[in-house]
Amino acid sequence: MQHPAFEEVTFHHHSDDVTFKKKVKNTTILLSVITVVELIIGLTIYNIHKGDAPNALLVLMFKGMVCILTSAKAYYIVSVFMHLGDEIRNVIMTIVVPLLLFIWFITAFIWDGNSYKNLRNRYDAHYKEKSVIPAKH
Amino acid sequence: MTTTATVQQTKWWTGGKSPFNMEYGKLMMWYFLMSDTFTFGAFLISYGSIRFSQNFWPDPNVVFNAFPGAGHANLPLAFVSVMTFILIISSVTMVLAVHAGHNNDKQGVVKWLFWTIIGGAAFLGCQAWEWHHLITGEHAILVNGQLDIVGQTTRINPWGRLAAQADIATAIQNTPREMLIRLAEMGGHEHAGATHINFASLPDTELIKAIDIEGLHIRENGPVAFGGYFFGITGFHGFHVFSGVIINITMLLMTQKDVFARRGHYLMIEKAGLYWHFVDLVWVFVFLCFYLI
């Protein structure tokens, strides 16, 4: 089925209807389950915050878990729904390798924001006093 | 399995064939989406940077706890999960439309594109409701030594720290009378309709007593940047959803006019599909950054 519009395509990927439907169904269920788990974690964080002494480390841990689950969701959307997983390695690499820039991007800017906060708290006692959450309210 | 073996054995860089094995338009769509990823990424990272620079940031579960028709019930995360599922399902229907296109099944493409468009429109409707609810919301806050009633806009954020009782007692003395009347009227959400007191006729001291300070959960004003980032990023995403819906409608009309049938392939549906999935992908991260953490 070579067609003028397909000139660049040397090789066609074929999947029969049954395999395809099964894959889409499984991915849909997986994405839904991950979302539900994320919501449960979100509500857990809410309840920890409501408590008397929120455990900062526990909250951070749950937030980290949500971030990992979100990355998993992103992976399945890109790989299955957008069919990137079915493309040849050359294509996958030209898309994925530039995205590695995000490792620096996220780290550097979060670090910068955090450092700004620490410096301001250190040198501006008034600001710190005004904005740090009181233990009880 | 034979397919995989052939792919690996093919010498893609020896010339005479595209080393990407992908048609031009689709490859360029991928690169466009990659650049758009950096645009959204930059927005979200800048939001993260500002958030990390603050000692206090509002808890999303406190901010986003409303549901259409549920009045003042406290339902954190409920509405946004509906929005998330709408987008996931519309992404699934788009996959089915693309697949129908591979099989040159015109009716299938029309059917699934139609449902995708409905999903996109439903999402936009939800977002419109949420924005309207946030902007027109009435929240009692303590700002500049006075009490005030505000909604969430790009200029003010009503979800700061809970105000100290002593500060409220001082601020209430400096608050203009009209505001005190509004606060007194607001206080009775739980027992609305039970009593019809004409607050405007009360003297100041009685009026202050009539205000339900406990029930109002008076807060200080929160970080101003919250509104700008929230409306800016969800707005930019909503604009993507909107343009995606327009693209999908165009694809639907073209399918019905047999443009793709004459062309012999439904590659355009595939490109529109990539864009639509990207919109879903971005939402996954917006959902994470604004609602979950």
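Predicted model, so just to flag it, every value in this text is computed and none were measured.

Criteria and thresholds
- Residues numbered from 1 in each chain as written.
- Chains lettered and ligands numbered in written order.
- Predicted model: local features only at pLDDT ≥ 70, side-chain atom pairs only at ≥ 80, totals over all residues.
- Heavy atoms only, no water.
- Contact = heavy atoms within 4.5 Å.
- Buried area = accessible area lost by both parts, 1.4 Å probe.
- Salt bridge = Lys/Arg side-chain N within 4 Å of Asp/Glu carboxyl O.
- Polar contact = N/O pair within 3.5 Å; in protein donor to acceptor, adjacent residues only side chain to side chain.
- Helix = DSSP H or I, 4+ residues; strand = E, 2+ residues; numbered from the N terminus.
- Nonpolar A, V, L, I, M, F, W, Y, C, P; charged D, E, K, R; others polar.
- 1 Å grid on protein atoms, 1.4 Å probe; cavity = no way out; pocket = protein on both sides within 12 Å on 5 of 7 lines; lining within 4 Å.
- Points joined across faces, edges and corners; volume = space filled by probe spheres on them.
- pLDDT = per-residue confidence, 0-100.
- Pairing = 2+ DSSP bridges.
- Phe/Tyr/Trp six-rings, centres within 6.5 Å; stacked < 30°, edge-to-face > 60°.
- Buried < 20%, exposed > 50% of the residue type's maximum accessible area, 1.4 Å probe, protein only.
- Core = buried A, V, L, I, M, F, W, Y, C linked by side-chain atoms within 4.5 Å.
- Arc of directions from axis to C-beta.

The partner chain B presents 64 residues to the 65 residues of chain A that form the contact. Both sides together, the interface formed by chain A and chain B hides about 5900 Å², and carbon and sulfur atoms give 73% of it. For the interface between chain A and chain B, the tally reads 1 salt bridge. The salt bridge partner of Glu 87 of chain A is Lys 26 of chain B, with a shortest N-O separation of 3.2 Å. On inspection of chain A and its partner chain B, the count reaches 10 residue pairs in polar contact (both at pLDDT 80 or more). Elements with a minimum of two residues in the side of chain A that touches chain B: α1 (17-50), α2 (56-81), α3 (89-99), α4 (101-123) and α5 (125-131) of chain A. Per-element accounting of the side of chain A that touches chain B gives the leading share, 16 residues, to α1 of chain A. Split into classes, the residues belonging to the side of chain A that touches chain B amount to 36 nonpolar, 18 polar and 11 charged.

Right, let's get into empty space enclosed by the protein. This structure, assessed with the given rule, holds 2 cavities of 30 Å³ or more. Lining the largest cavity are Val 63, Phe 64, Asn 65, Ala 66, Ala 78, Phe 79, Val 80, Trp 129, Glu 130, His 133 and Leu 134 of chain B. Broken down by secondary-structure element, the contributors of at least two residues to the lining of the largest cavity are α4 (78-102) and α5 (106-136) of chain B. A total of 4 residues in the lining of the largest cavity trace back to one element, the largest contributor, which is α5 of chain B. Of the residues belonging to the lining of the largest cavity, the class tally is 8 nonpolar, 2 polar and 1 charged. Of the pockets and cavities examined, the second largest cavity occupies roughly 60 Å³. Along the walls of the second largest cavity sit Phe 81, Met 82 and His 83 of chain A together with Lys 26, Val 95, Val 98, Glu 270, Gly 273, Leu 274 and His 277 of chain B, which together make up its complete lining.

A few words on the confidence of the model for chain B. Residue and element names in this part refer to chain B. Predicted confidence across chain B gives a mean pLDDT of 90, with 94% of residues reaching 70 or more. Per-residue pLDDT, averaged within each element of chain B, yields its smallest value for helix α1 (residues 2-9) (62) and its largest for helix α10 (residues 225-256) (97). Confidence estimates for the predicted assembly give a pTM of 0.90 and an ipTM of 0.89.

Residues and elements named next belong to chain B. Strand order in this open sheet of 3 strands is β2-β1-β3, and the pairing throughout is mixed. Single-partner strands in this sheet number two, and they are β2 (146-150) and β3 (219-220). As judged from the 5 bridges shared by strand β1 (residues 139-143) and β2, these two strands associate in the antiparallel manner. Its bridge partner being in β2, Val 143 is matched across the sheet by Gln 146.

Another aspect to go through is the packing of aromatic side chains. All names here are of chain B. All told, the structure shown has 30 aromatic pairs over all chains when counted by the stated rule. Seen in terms of ring centroids, Trp 13 and Phe 20 are 6.2 Å apart; in terms of plane orientation they differ by 85°. Their pairing is edge-to-face. The exposure class assigned to Trp 13 is exposed, which follows from its relative accessible area of 61%. The class for Phe 20 is buried, based on a relative accessible area of 16%. Taking 5.4 Å as the distance between ring centres and 70° as the angle between the ring planes, the aromatic pair formed by Phe 230 and Phe 231 counts as edge-to-face. Of the two residues, Phe 230 and Phe 231, both sit in the buried class.

Residues and elements named next belong to chain B. Within the largest apolar cluster, 85 residues are counted, with the highest numbers of intra-cluster contacts made by Ile 269, Trp 283, Phe 290 and Tyr 291. With 18 residues, the single largest contributor to this core is helix α12 (residues 267-292). Residues in contact with Ile 269, not counting those within four places in the same chain, are Met 94, Ala 97, Val 98, Val 109, Leu 113, Met 251, Thr 255 and Phe 260. Membership of the second largest hydrophobic core comes to 19 residues, among which are Leu 147, Ile 172, Ala 184 and Ile 211.

Let us look at α3 of chain A. Every buried residue belonging to α3 of chain A is among Asn 90, Val 91 and Ile 95 of chain A, and all of these are buried. In a view along the axis of α3 of chain A, the buried residues occupy a sector of 135°, so they form one face of it. Those residues of α3 of chain A hidden inside the fold are in contact with α2 (24-52) of chain B.

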